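Observations on the model geometry
Below, each chain spelled out in residue letters.
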Amino acid sequence: MDSSSNNSEMAPDMDGEVYEHFALIRAGILGLVFVLATAGNLFFLGTLWKKRKRNSRTQLFLLHLCLADLVVAFFQVLPQFSIEITHRFRGTDFLCRLVKYLQVVGMFASAYMIVAMTLDRYHAVCKPMVSFLNGSFRRYLSIGAGWLLSLAFSAPQFFIFSLQEVGENQYDCWATFIEPWGSRVYISWITLSVFAIPAVILLYCQIRICTTIYFNMKRKALQAGRADTKGVSNAMLKTVKMTFVIIMTYTVCWSPFFVAQLWSAWSPSSAPSQGPVFAIIMLLASLNSCTNPWIYIYYS
């Protein structure tokens, strides 16, 4: 999402030797994140394949969330790892546009698969009859819509980014905006569509799910005359807990990134420079691609 693939703008704020050392540390962390994200998600895919004959509805969403995280790992984390080593984007103009496009596709898809899974849990808990009658069709519709919206909303990347000459015989993958409002509109749109609007939907669904479970348990307890009677199954409670942890992890990893991007776009004079703090925020966002398979394994 950043306006350039190049991180060399950090150099003016840091001594050259310190900058090179810090770049190597970032490259090492990004390499570790890529390995963990790839290994974890591939292992998760293998687990789902072995259990394909008895996959649950939640596992279908987790499968597509895993695929979205692999897109993030290969087209966001891996290119950034390469840039930390070479300091420039190495590729053609088409490859520059394609990588930037797929970077945002992964961000959209990860967010929208979490939204689709949470909406499915919302219908299962709050509207069980509707979920029972239309569950399979709604699941595939929401997953397909998530991918189609991700592909469509990422299309501007093809026109914003291009391979540009940044020095004598030096080229990099940079964005071109209509100044002064272009970058603000772009970053605000990405923040709203990837983070803010999904966050509102997720918050609403989780509140409704929690209140419905609470009142169901209370009603069942009153009917049975016992305080330990549950109105929902242990499996459903476990799935709701897992979904909640996935949502919280996504929020913790990505919210600093979007806040920093909005700050730098709307108030560049007061925003922190592209230094260590900003680099740590970027690394924190990348960690989200590692977490989801291990959350599922823990709750399984």
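Residues numbered from 1 in each chain as written. Predicted model: local features only at pLDDT ≥ 70, side-chain atom pairs only at ≥ 80, totals over all residues. Heavy atoms only, no water.

1. Some thoughts on the confidence of the model for the protein
Mean pLDDT over the protein stands at 81; residues scoring 70 or higher make up 83%. The least confident element of the protein, judged by mean pLDDT, is helix H8 (residues 276-299) at 79; the most confident is helix H5 (residues 157-160) at 92. Below a pLDDT of 50 lies the segment residues 3-14, which in the model reaches 34 contacts outside its immediate sequence neighbourhood of four places, other chains included. (pLDDT = per-residue confidence, 0-100. Helix = DSSP H or I, 4+ residues; strand = E, 2+ residues; numbered from the N terminus. Contact = heavy atoms within 4.5 Å.)

2. A look at the pairing of strand E2 (residues 170-175)
Note that strand E1 (residues 161-167) and E2 share 6 bridges and pair antiparallel. Note that in E2 the partner of Leu 163 across the bridge is Cys 173. Joining the antiparallel neighbours E1 and E2 is a turn of 2 residues, in which Asn 169 adopts a positive phi near 60 degrees. (Pairing = 2+ DSSP bridges.)

3. Some words on the environment of Phe 161
Relative to the helices and strands, Phe 161 is located in strand E1. What makes Phe 161 buried here is its relative accessible area of 0%. (Buried < 20%, exposed > 50% of the residue type's maximum accessible area, 1.4 Å probe, protein only.)

4. Concerning the UniProt feature "transmembrane region" (unreviewed entry) in the protein
Mapped onto the present numbering, the UniProt feature "transmembrane region" (unreviewed entry) falls at residues 23-48, 60-78, 98-119, 140-161, 186-210, 244-266 and 278-299. Helix and strand shares over residues 60-78 are 100% and 0% respectively, and the end C-alpha atoms of the span are 26 Å apart. Between the C-alpha atoms that bound residues 278-299 the distance is 33 Å, and the span itself is 100% helix and 0% strand. (UniProt positions renumbered as here; feature names shortened; annotations may be inferred.)

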